Amino acid sequence: MTPYARRGVHGQTVEALARRILGGEIPEGTTLDLAALQSELDVSLTALRESLKVLAAKGMVDARQKRGTFVRARADWNLLDADVLRWQFEGGSTTEADQALLRNLAEVRAIIEPAAVRLAAQRRTDADLAALDAAVEAMGRQGADAAHAVEADLAFHRALLTATHNELLERMEMVIESGLAHRDRIVHSSPHSEDPVPAHRAVLDAVRDRDPQAAEAAMRALLDQAGRDLDRVDRSDETKGSR
């Protein structure tokens, strides 16, 4: 699941179309007016068709004789594709659909990461520990901004999946990372979140000690904290909105 390369007019066209579809601006079942889109996006018909091929490969659009190119039902979209996840979260706002997706992501993480950390505790190498140590150190660096905190958190969870030495679990990074980054941007930009370092260090210490049970318990505690942080932000936003 290599992420789509965002380059040039072609990349911009793919992302513009994807966000309109994912945001509901172009609803499911809509037959696309290619001439109108070509004019609106100011691209060649060839560039537009090539962009639609990218979205077709992700299950978002299809083409039929007599009907033309149309938006497929959401059930057909490849929602686990790293680009599809990223496109849903990069609109700059947290919609109700975003919140639902974040809840889905939290459930997926609760299934995957406690099991993954058990493997990491059994299989980790010195190099894996070094990567985890570096991520926790970066996470606790004084004066770091929200973007730095996000990258440090992503580096930790990326290193944790790598430490399983299971190729399929390592690929789950592509599924988790986009949503996790969006969740982190929300939480780390808020003054209401708990200090993430102790919870991450507890996971690291258990992995270092090769203690699968302690590692799983620490990961579940970390995920519980992540859920509390997001809930606090949601409640704060609701309070602001009611004023």
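Provided above is the structure to which this section pertains.
Attention in this report is confined to the structure presented alongside it. (Residues numbered from 1 in each chain as written. Predicted model: local features only at pLDDT ≥ 70, side-chain atom pairs only at ≥ 80, totals over all residues. Heavy atoms only, no water.)

Another aspect to go through is the layout of surface pockets. Looking at the largest pocket, its volume works out to about 370 Å³. Forming the walls of the largest pocket are 18 residues, and the residues nearest its centre are Leu 102, Ala 106, Leu 223, Ala 226 and Gly 227. Counting residues per element, the ones that place at least two in the lining of the largest pocket are helix H5 (96-123), helix H8 (167-188) and helix H10 (212-241). Of the residues contributing to the lining of the largest pocket, the split by class is nine nonpolar, two polar and seven charged. (1 Å grid on protein atoms, 1.4 Å probe; cavity = no way out; pocket = protein on both sides within 12 Å on 5 of 7 lines; lining within 4 Å. Points joined across faces, edges and corners; volume = space filled by probe spheres on them. Helix = DSSP H or I, 4+ residues; strand = E, 2+ residues; numbered from the N terminus. Nonpolar A, V, L, I, M, F, W, Y, C, P; charged D, E, K, R; others polar.)

As paired strands, strand S1 (residues 61-64) and strand S2 (residues 68-71) are joined by four bridges and run antiparallel to one another. Among the inter-strand pairings, Arg 64 is bridged to a residue of S2, identified as Gly 68. Counted between consecutive antiparallel strands, the loop separating S1 from S2 contains three residues, among which Lys 66 sits at a positive phi close to 75°. (Pairing = 2+ DSSP bridges.)

Next up on the list: empty space enclosed by the protein. Over the atoms, a rolled probe matching the size of one water molecule traces out where space is still vacant. Under the definition given, this model contains two cavities of 30 Å³ or more. Its volume calculated, the second largest cavity comes out at about 40 Å³. Of all elements in the fold, only helix H7 (146-162) and H8 reach the threshold of two or more residues within the lining of the second largest cavity. When grouped by side-chain class, the residues that make up the lining of the second largest cavity number four nonpolar, one polar and three charged.

Quick look at the environment of Ala 115 now. The residue Ala 115 is located in helix H5 in this model. Given the relative accessible area of 44%, Ala 115 is considered partly exposed. Ala 115 sits 98 residues away from Gln 213 along the chain, and the two C-alpha atoms are 9.9 Å apart. (Buried < 20%, exposed > 50% of the residue type's maximum accessible area, 1.4 Å probe, protein only.)

Further remarks concern the packing of helix H1 (residues 8-22) against helix H2 (residues 34-41). Interaxial distance between H1 and H2 falls to 12 Å at its minimum, and their mutual angle equals 120°. When the axes of H1 and H2 are compared, the pair comes out oblique. Between H1 and H2 lies a crossing of right-handed hand. Seen from H1, the contacting residues are Thr 13, Ala 16, Leu 17 and Arg 20; seen from H2, they are Leu 37, Glu 40 and Leu 41. A class-by-class count of the residues in the contact of H1 with H2 yields four nonpolar, one polar and two charged. (Axes fitted to C-alpha atoms, helices over the stretch in contact; angles between N-to-C directions. Parallel < 35°, antiparallel > 145°, perpendicular 65-115°, else oblique. Left-handed = near helix turned anticlockwise from the far one by under 90°. Contact = heavy atoms within 4.5 Å.)

Turning our eyes to something else, we now look at the environment of Arg 228. Relative to the elements of secondary structure, Arg 228 occurs in helix H10. Using a relative accessible area of 39% as the deciding quantity, one classes Arg 228 as partly exposed. A C-alpha to C-alpha distance of 8.7 Å links Arg 228 and Glu 194, two positions 34 residues apart in sequence.

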